[in-house]
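# A closer look at the structure
Letter by letter, the chains look like this.
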Amino acid sequence: LFLFAHLRLAADADEELASLGLHRTHHRILHLAARAPGTSVGEIIGLLRLTPQGIQGPMRRLIRDGLIEQRSAERDRRKRQIYLTEKGAKLQSEIAAKQYERILRAYEIAGADNLDGFFRVMLALIDAGDAEYLKYNHNSLFMKYQINMP
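Residues numbered from 1 in each chain as written. Predicted model: local features only at pLDDT ≥ 70, side-chain atom pairs only at ≥ 80, totals over all residues. Heavy atoms only, no water.

### Some details on the packing of aromatic side chains
A full pass over the atoms with the stated rule returns 0 aromatic pairs. Lying across the ring of Tyr-83, Arg-71 places its NZ or CZ 3.9 Å from the centre. (Phe/Tyr/Trp six-rings, centres within 6.5 Å; stacked < 30°, edge-to-face > 60°. Lys NZ or Arg CZ within 6 Å of the ring centre and 35° of its normal.)

### Re the pairing of strand S3 (residues 80–84)
Within S3, 4 of the 5 residues are buried, which leaves it mostly tucked inside the rest of the structure. Note that strand S1 (residues 39–40) and S3 share 2 bridges and pair antiparallel. Within the sheet, the bridge partner assigned to Thr-39 lies in S3 and is Ile-82. Relative to S3, strand S2 (residues 68–72) runs antiparallel, the two sharing 5 bridges. Bridging from a neighbouring strand, Arg-71 pairs with Gln-81 of S3. (Buried < 20%, exposed > 50% of the residue type's maximum accessible area, 1.4 Å probe, protein only. Helix = DSSP H or I, 4+ residues; strand = E, 2+ residues; numbered from the N terminus. Pairing = 2+ DSSP bridges.)

### What to know about the packing of helix H1 (residues 2–19) against helix H5 (residues 86–110)
The description of two packed helices rests on the angle between their axes and on the distance between the axes. Put simply, H1 and H5 touch, their axes get as near as 9 Å, and they point 150° apart. If you check the angle between H1 and H5, you find them roughly antiparallel. The element H1 and its partner H5 pack so that their crossing is right-handed. On the side of H1, the interface is formed by Arg-8, Leu-9, Ala-10, Asp-12, Ala-13, Glu-16 and Leu-17, while H5 contributes Leu-91, Glu-94, Ile-95, Lys-98, Gln-99, Arg-102 and Ile-103. (Axes fitted to C-alpha atoms, helices over the stretch in contact; angles between N-to-C directions. Parallel < 35°, antiparallel > 145°, perpendicular 65-115°, else oblique. Left-handed = near helix turned anticlockwise from the far one by under 90°. Contact = heavy atoms within 4.5 Å.)

### Some remarks on the environment of Gly-88
Within the secondary structure layout, Gly-88 lies in helix H5. Classification of Gly-88 as buried rests on a relative accessible area of 0%. A sequence separation of 81 residues divides Gly-88 from Leu-7, and the C-alpha atoms of the two residues are 23 Å apart. Discounting residues that sit within four places of it in the chain, Gly-88 has contacts with Gly-66 and Leu-67.

### Here we look at unusual backbone geometry
The phi angle at Arg-49 is positive, at roughly 55°, despite the residue not being glycine. Among the structural elements, Arg-49 can be located in the loop between helix H3 (41–48) and helix H4 (52–64).

### Points about the side chain of Gln-92
Position of Gln-92 relative to the elements: it lies in helix H5. Residue class for Gln-92 comes out buried when judged on its relative accessible area of 5%.

### Looking at the packing of H3 against H4
Close contact between H3 and H4 brings their axes to 10 Å; oriented N to C, the two are set at 110°. With respect to H4, the element H3 is oriented roughly perpendicular. As for how H3 packs across H4, the hand of that crossing is right-handed. Note on element contacts: H4 touches H3 through Pro-52, Ile-55 and Met-59, opposite Val-41, Ile-44 and Ile-45.

This is the structure in structure tokens:
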């Protein structure tokens, strides 16, 4: 069930990305930059389970296309942080809108009473490291469900 839901949501994004010659890794970087501006390249590597070599190509492309920009962190100038440009924010928003429409339809079909259970299951499935990321970047969502991670 999760596989088919994932494939459908990914296909919504893939269609738009393909028209620009972009792929899922590009989309995931855009998503993280939109949800947590200033996320470091190192954090993105960890969250997406990429190698430093694996992220170089997608990052270069996103920068070259004017979709993201890198800035040095104020506290540690060696740390590179990622931000969406106006063009990147527009693209990410367009892609996300299609996915959010599909998710909203599913929520409406399932009913609001079933959302708590859905979020509890999703949070129980994730790794402890990802839970820490959510606690830091999406605390209100995470804390609402009070999932104890192993």
